[in-house]
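# Tertiary structure, described
Each chain, written out:
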Amino acid sequence: MSGFKAGHPATGEIQATTAPSAFSPFRSRIFLAMWVASLLSNFGSLIQNVGATWLMTSLAPSADMVTLVQVSTVLPIVLFSLPAGAAADVWDRRVLMLTAQSGMLIVSAALAILAWFGQVTSWFLIVLTFLLGTGAALYGPPWQSSVREQVPLRDLPAAVALNSVAFNLARAVGPALGGAIVAWAGAKVAFGINAISYLGLIAVLLAWKRPSSEARLPPETMMAAMVAGLRFARLSHSLQTVLVRGATFGFFASALWALIPLIAKDLLSGGAITYGLLLAAFGGGAVAGALGGGVIRERFTNEMIVAGGSAAFGLAGLIAAFSPFLVITLVATVLAGAAWLLVLSTFNVTVQLRTPRWVVGRALAIYQAGVFGGLSLGGWLWGVVAENYGVPTSLIAASLALVATALLGRLLPMPTTDQINLEPVPVEHRGEGSLPLLDPNSGPVVASREYRIAEQDVRVFLAAASRVRRMRRRNGARRWALLHDAADPEIWIERYETPTWLDYLRMHERMTMVDREIENEVLTYHKGEEQPLARFLLSHIPIAANGQDGADAGSAAHGFRSDPAIRPRNQAVLKPPVRGEHQIC
């Protein structure tokens, strides 16, 4: 096997010649530093979660208030993930991560100080926990999308899995440690430890010399970036499937996840140590699932992993609902942790490997919003059910429903993660030299392509054109249409619009190698040696010869002309129209 070259300029990769493995991402210095710092920060966050949840059982010991602590942690991810994802694709990800981590440090320190003086109330605890969740929501998309900048692309799946291992290693030990800290010194110490845990990650981010990419085009506005991300999600079959499956899994799996404190307290008659042990068992199972995930993915498809993991998690919930013994419940939570990790990491890797680079932050944010939206809504709902009908009833209902979701694969099978080339089309192959030179604000722009298709190829051409339609709209085209010439039945014209010439250039730059293959498939049905005739038409306001607006002049006989006032905005370098070349009309 051939190895990879040393000294990866973007990642500081340590020299190595061995083939990729589950631990290959650790050859990147920045990834290793981020991983260790994230592990320590995860310890602090989980210790804080134990302290907040257990403190709530004293401040307001009802099922719905206890579950609200968990809901307030994940609800911000639903609310703020999309803006965070857009910011991750538009702005400097390192700055965003530093801002989020610094904010969480301040909130954690404030919570520790207030708890030390006994000034924390139940709703004040919910608000501060919500603010910490907001910081996590703002940190998540830039952190996850920056993994591509820390490791080579071929190590990306292993890097995603290792990041899951970091969280679940902390989950395996952190909650038990948190339970011991809360039992020994109280929640205030747990909050203080969490504040200190952010310092390492902040130091690593300050030291990271993130590779700067020279922007070819001006950045999108936040609103435009969010709209583009939502449009991509609406037109991406892969992302839609992961969204539905992830939200469904999160909604029903949230019952066990949110009710663990009450399982420890009510079903097992335990205390903070019991609660910590249950979370440690869950984390230990997740670590086992992560370490064995490579072998499992080699033997089973994504659909088999998601369906099997959902059924296993549901089985674990049923066992926890009926078991009065700590040992049996611990075994069930180990099973739940392994299933949880395998299912969620499969979702995450699928999104990362099926999404182009230009929108990966937004895609991850939308996926997270779907999963954690299900977790938030489900956590609150199953808490209400537990409050009114008992913890066992809530667990049984959610677990049976989760087992049933394994059948969703018949309607929405998980996409495969076979290698597809989502790298941008190289600059030298984009044909940018044939594009007209326009003011970026010129527009609206109507682009068209004229194909000549033989009668026997019309059916396959239309099938290929439907894939072009989805691809163009996903990348930013509007009002896409396929027109048929009534006078010449062999002529078919593809037509679409963009608001400005800059929007067209962005759509052009978003083309991936897979997109180019879709374009080339349509071109195979075009008759003749010349390329299809391409035009770019710009909107001008007709003005009558007497200077009045054409609509007021009331007659085309007045002689319309282009408005000189807008000509500089739409100025183009014109050349004689030649068939097969781009023209301005």
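What you are looking at is a predicted structure, and each value in this text was computed from that prediction instead of being measured.

### With respect to the pattern of salt bridges
- Per the counting criterion, the structure on display carries 18 salt bridges.
- Close ionic contact of Arg93 with Glu149 constitutes a salt bridge, the shortest N to O distance being 2.8 Å. Of this pair, Arg93 sits in helix H3 (residues 93-116) while Glu149 sits in helix H5 (residues 147-150), and the two are 56 residues apart along the sequence. With respect to burial, Arg93 and Glu149 carry one shared label: buried.

### Observations concerning the packing of helix H9 (residues 237-267) against helix H10 (residues 272-291)
- At their nearest, the axes of H9 and H10 sit 8 Å apart, and the two run at 135° to each other. Here H9 is positioned oblique relative to H10, judged by the angle of their axes. Between H9 and H10 lies a crossing of right-handed hand. Two secondary-structure elements touch here, H9 through Ile260, Pro261, Ile263 and Ala264 and H10 through Thr274, Tyr275, Leu278 and Leu279.
- Class assignment of the residues belonging to the contact of H9 with H10 gives a composition of seven nonpolar, one polar and no charged.

### Topic: the packing of H3 against helix H7 (residues 187-207)
- Between H3 and H7, whose axes approach to 8 Å, the crossing angle comes to 160°. The pairing of H3 with H7 is recorded here as roughly antiparallel in orientation. Relative to H7, H3 is oriented so that their crossing is left-handed.
- Of the residues assigned to the contact of H3 with H7, the class counts are 17 nonpolar, five polar and two charged.

### Considering a nonpolar patch on the surface
- On the surface, Leu315, Ile319, Phe325, Ile328 and Leu335 cluster together into a nonpolar patch covering about 410 Å² of accessible area.
- Within the element layout of this structure, Leu335 appears in helix H13 (residues 326-353).

### Considerations on H10
- Relative to the 28 Å expected for 20 residues at 1.5 Å per residue, H10 spans 28 Å between its end C-alpha atoms, a close match to the ideal helical length.
- Of all the 20 residues making up H10, 15 are buried; the element is thus mostly covered by neighbouring parts of the structure.

### Here we look at unusual backbone geometry
- Positive phi is not limited to glycine here, since Ser269 has a value of about 50°.
- Here Ser269 is to be found in the loop between H9 and H10.

### Describing the side chain of Asp89
- With respect to the element layout, Asp89 can be found in helix H2 (residues 63-90).
- Engagement of the side chain of Asp89 in a polar contact is seen with the side chain of Arg362, the distance being 2.7 Å.
- If we skip the residues at most four places from it in the chain, Asp89 touches Arg357, Trp358, Val359, Val360, Gly361 and Arg362.

### Structural notes on the packing of aromatic side chains
- On inspection of all chains with the given rule, the structure shows 19 aromatic pairs.
- Members of the aromatic cluster, each reached through a chain of ring pairs, are Phe249, Phe282, Phe313 and Trp340.
- Taking the ring centre of Trp358 as reference, the NZ or CZ of Arg510 above it sits at 4.1 Å.

About the cut-offs
- Residues numbered from 1 in each chain as written.
- Predicted model: local features only at pLDDT ≥ 70, side-chain atom pairs only at ≥ 80, totals over all residues.
- Heavy atoms only, no water.
- Salt bridge = Lys/Arg side-chain N within 4 Å of Asp/Glu carboxyl O.
- Helix = DSSP H or I, 4+ residues; strand = E, 2+ residues; numbered from the N terminus.
- Buried < 20%, exposed > 50% of the residue type's maximum accessible area, 1.4 Å probe, protein only.
- Axes fitted to C-alpha atoms, helices over the stretch in contact; angles between N-to-C directions.
- Parallel < 35°, antiparallel > 145°, perpendicular 65-115°, else oblique.
- Left-handed = near helix turned anticlockwise from the far one by under 90°.
- Contact = heavy atoms within 4.5 Å.
- Nonpolar A, V, L, I, M, F, W, Y, C, P; charged D, E, K, R; others polar.
- Patch = residues over 30% accessible without salt bridge, like charges linked within 9 Å, V, L, I, M, F, W, Y side chains within 5 Å.
- Areas by Shrake-Rupley, 256 points an atom, 1.4 Å probe, with all protein chains shown as cover.
- Expected span 1.5 Å × (residues − 1).
- Polar contact = N/O pair within 3.5 Å; in protein donor to acceptor, adjacent residues only side chain to side chain.
- Phe/Tyr/Trp six-rings, centres within 6.5 Å; stacked < 30°, edge-to-face > 60°.
- Lys NZ or Arg CZ within 6 Å of the ring centre and 35° of its normal.

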